Amino acid sequence: MKLIERDYYLKKLNDVKDVPDIKVITGVRRSGKSKLMDAFIDSFKDMENINIVRIKLNLKKYEKLLNPDELYSYIESNYIENKNNYLFIDEIQLCKGFERIINSIYEEELYDIYLTGSNAFLLSSDLATLFGGRVFEVHLFPFSFKEYLVYYPSTDLDVSFDNYVKKGGMSGSYLYKSEEDARNYVNSIYKTTIVRDIVQKYKIENESLLLMIGDYLMDNIGNKTSIRKISNKLTTSTIKTNDKTVGSYLDYLCKSYMFYPIQRYDIKGKKYLESEKKYYLSDLSFRFSEIGTKYMDYGFLYENLVALELMRREYEVYVGKLYNKEIDFVVIKNGYKEYIQVCDDITNANTFERETSPLLSIKDAYPKKLIARTKREKSYYEGIEIIDIARWLNDSQNQN
């Protein structure tokens, strides 16, 4: 399998190397957590006076270490005095009682610790409980468009972008020659996430309802969604559900990193709104593999791409509300704020007016941007920066 350097994530890991936290790499299944750990270990090769202990609990050779006491003995016995000791463990959840072992190793200050594991056991919301708040999380997303271009070098940015929208960022699917096989691979990840990371952990009784909620969210990318709206939509003569169940299932889908909820922000009142949220899919390939090409509104799909990219770049991301108008994204980082609209084709005058009007209604001086499929270099309209989505995604100046 072809590998590329995921420089941004490697830098994050290097920045916290030797910092006394337990480093945990999280992300949707098959997003490359183990490969990132391997690449990080490779970066140690020229260092002196180090000792690296690498354990892959999913491999047969480490089967004995599934016993927590055996795991502890192995780690302790491989510690070397007067060296910088680094511990890397994949699939840590396979060892029942791993929390006690890792916490003990941490308290003894034996190693700088790095972990990956199933999302069912290493959820962001659970990390503080598992490890007493002594955790630094490195959250890994599927390939960005910029990473896709490294994997598939091309001189035609627009063709590459169109291919990326359909292929997505789940790099394991790139190995398959046929589109059908690639989609089956992606769909198997989605189904495994549903079954192992949600159904089994939370003892879900109605797996079909969970899948229906996932399909509903995929169908409604870019639309404001509430628990009540989903509950009402899915309740029929043959399906019975309620707000509490739908709310729980929504939470589980987000905890598995399959979807990301974005809260609404009242621009005028400068306050956060809880009533409705938008949910964005971790990778568009899941949508194509699960529900095919129906309801192909590219404006909403592009909105999903922009939302994920903003999260990759570590912005706080909100959906903006100004009176009766909506701003796709209000983003904040280090005191810097920006307003962003996302659209497909803005050559139609009515569409252009619809997209720029909300931005022009904002009276503060923060930057305003319209990201669309222009296939041109950036331009400006009454202070609004208009930029092509492929070029924005590939713009190194916008990277962290």
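Residues numbered from 1 in each chain as written. Predicted model: local features only at pLDDT ≥ 70, side-chain atom pairs only at ≥ 80, totals over all residues. Heavy atoms only, no water.

Caption draft 1: Spatial organisation of the overall build of the protein. Summing up its helical and strand segments, the protein has 15 helices and 13 strands in all. Radius of gyration (C-alpha) of the protein: 23 Å, near the 21 Å computed for a compact globule of 400 residues. Taken along its principal axes, the extent of the C-alpha atoms in the protein is 70 × 55 × 50 Å. The buried share among the 400 residues of the protein stands at 54%. In the protein, once contacts between residues fewer than 6 apart in sequence are set aside, the share between residues at least 24 apart is 66%. Carbon and sulfur atoms make up 47% of the accessible area of the protein, which totals about 19,100 Å². In the protein, 59 positive and 60 negative side-chain charges are present, and the distance between their average locations comes to 4 Å. (Helix = DSSP H or I, 4+ residues; strand = E, 2+ residues; numbered from the N terminus. Rg over C-alpha atoms; globule rule 2.2 N^0.38 Å. Buried < 20%, exposed > 50% of the residue type's maximum accessible area, 1.4 Å probe, protein only. Contact = heavy atoms within 4.5 Å. Areas by Shrake-Rupley, 256 points an atom, 1.4 Å probe, with all protein chains shown as cover. Lys, Arg positive; Asp, Glu negative; His and termini not counted. Charge placed at Lys NZ, Arg CZ, Asp CG, Glu CD.)

Caption draft 2: Expanded view of the sheet that holds strand β3 (residues 84-90). Spatial ordering of the open sheet is given by β2-β3-β4-β1-β5, a layout of 5 strands whose pairing is parallel. Here the strands that pair on one side only, and so sit at the sheet edges, are β2 (50-56) and β5 (135-140). Within this sheet the neighbouring strands show an average axis-to-axis angle of 15°, counted without direction. With 3 bridges joining them, strand β1 (residues 22-27) and strand β4 (residues 112-116) adopt parallel strand pairing. Across the sheet, residue V24 finds its bridge partner in β4, namely L115. On top of the sheet, helix α3 (residues 68-77) reaches β2 and β3; it is set at about 160° to β2, its chief contact. (Pairing = 2+ DSSP bridges. Axes fitted to C-alpha atoms, helices over the stretch in contact; angles between N-to-C directions.)

Caption draft 3: Here's a closer look at the nonpolar core. Membership of the largest hydrophobic core comes to 87 residues, with the highest contact counts inside it found for F145, F161, I213, F286, L310 and F329. Here this core takes 8 residues from helix α13 (residues 298-312), the largest share from any one element. When residues no more than four places from it in sequence are discounted, the contact partners of F145 are L157, S160, F161, Y164, A390, L393 and N394. Counting residues in each nonpolar core, the second largest holds 27 residues, with I22, I89, L122 and L130 among its members. (Core = buried A, V, L, I, M, F, W, Y, C linked by side-chain atoms within 4.5 Å.)

Caption draft 4: Representation of the environment of S31 within the structure. Locating S31 in the fold gives a position in the loop between β1 and α2 (33-42). For S31, a relative accessible area of 3% corresponds to the buried category. In sequence terms S31 and F143 are 112 residues apart; their C-alpha atoms lie 7.7 Å from each other.

Caption draft 5: Layout of the packing of aromatic side chains. Scanning the model with the defined rule gives 29 aromatic pairs in all. Ring plane angle 85° and centroid distance 5.0 Å describe the contact between F40 and F44, whose orientation is recorded as edge-to-face. We note that F40, like F44, is buried. For the ring pair F40 and Y114, a centre distance of 5.2 Å and an interplane angle of 55° mean the geometry is tilted. (Phe/Tyr/Trp six-rings, centres within 6.5 Å; stacked < 30°, edge-to-face > 60°.)

Caption draft 6: View of α13. With 15 residues, α13 extends 21 Å from end C-alpha to end C-alpha; this agrees with the ideal 21 Å at 1.5 Å per step. E314 lies just past α13 and shows a positive phi near 65°. (Expected span 1.5 Å × (residues − 1).)

Caption draft 7: Summary view of the packing of helix α9 (residues 207-219) against helix α11 (residues 243-255). Following both chains from N to C, one finds α9 and α11 inclined at 70°, their axes separated by 10 Å at the closest point. Looking at the two axes, α9 sits roughly perpendicular to α11. Crossing handedness for the pair α9 and α11: right-handed. Residue-level inspection shows L209, L210, I213, G214 and L217 of α9 in contact with α11, the latter providing T245, V246, Y249, L250 and L253. Its residues placed into classes, the contact of α9 with α11 shows 8 nonpolar, 2 polar and no charged. (Parallel < 35°, antiparallel > 145°, perpendicular 65-115°, else oblique. Left-handed = near helix turned anticlockwise from the far one by under 90°. Nonpolar A, V, L, I, M, F, W, Y, C, P; charged D, E, K, R; others polar.)

Caption draft 8: The arrangement of the layout of surface pockets in detail. Estimated volume of the largest pocket: approximately 1,200 Å³. For the largest pocket, the lining is made up of 45 residues, of which R30, G32, K33, S34 and K35 are closest to its centre. When residues of the lining of the largest pocket are traced back to their parent elements, those giving at least two are α1 (7-15), α2, β2 and α8 (179-202). (1 Å grid on protein atoms, 1.4 Å probe; cavity = no way out; pocket = protein on both sides within 12 Å on 5 of 7 lines; lining within 4 Å. Points joined across faces, edges and corners; volume = space filled by probe spheres on them.)

Caption draft 9: Quick look at the pattern of salt bridges. The tally for this structure, following the rule as stated, stands at 32 salt bridges. The salt bridge involving K12 is made with E314; its shortest N-O contact spans 2.5 Å. Taken together, the positions of K12 in helix α1 and E314 in the loop between α13 and β8 (316-322) put the pair 302 residues apart, joining distant regions of the chain. The salt bridge partner of K60 is E63, with a shortest N-O separation of 2.5 Å. Judged by relative accessible area, E63 falls into the partly exposed class, the value being 42%. Linked by salt bridges that have partners in common, D158, D162, R373, E377, D388 and R391 make up one network. (Salt bridge = Lys/Arg side-chain N within 4 Å of Asp/Glu carboxyl O.)

Caption draft 10: How the structure looks around unusual backbone geometry. Phi angles above zero are rare outside glycine, and E314 is one such case at about 65°. For E314, a relative accessible area of 40% translates into the label partly exposed.

Caption draft 11: Inspection of empty space enclosed by the protein at higher detail. Counted according to the given criterion, the structure contains 1 cavity of 30 Å³ or more. There is about 40 Å³ of room inside the largest cavity. Together, S144, F145, Y164, D283, L305, L308, E309, R312 and L393 line the largest cavity. A class-by-class count of the residues in the lining of the largest cavity yields 5 nonpolar, 1 polar and 3 charged.

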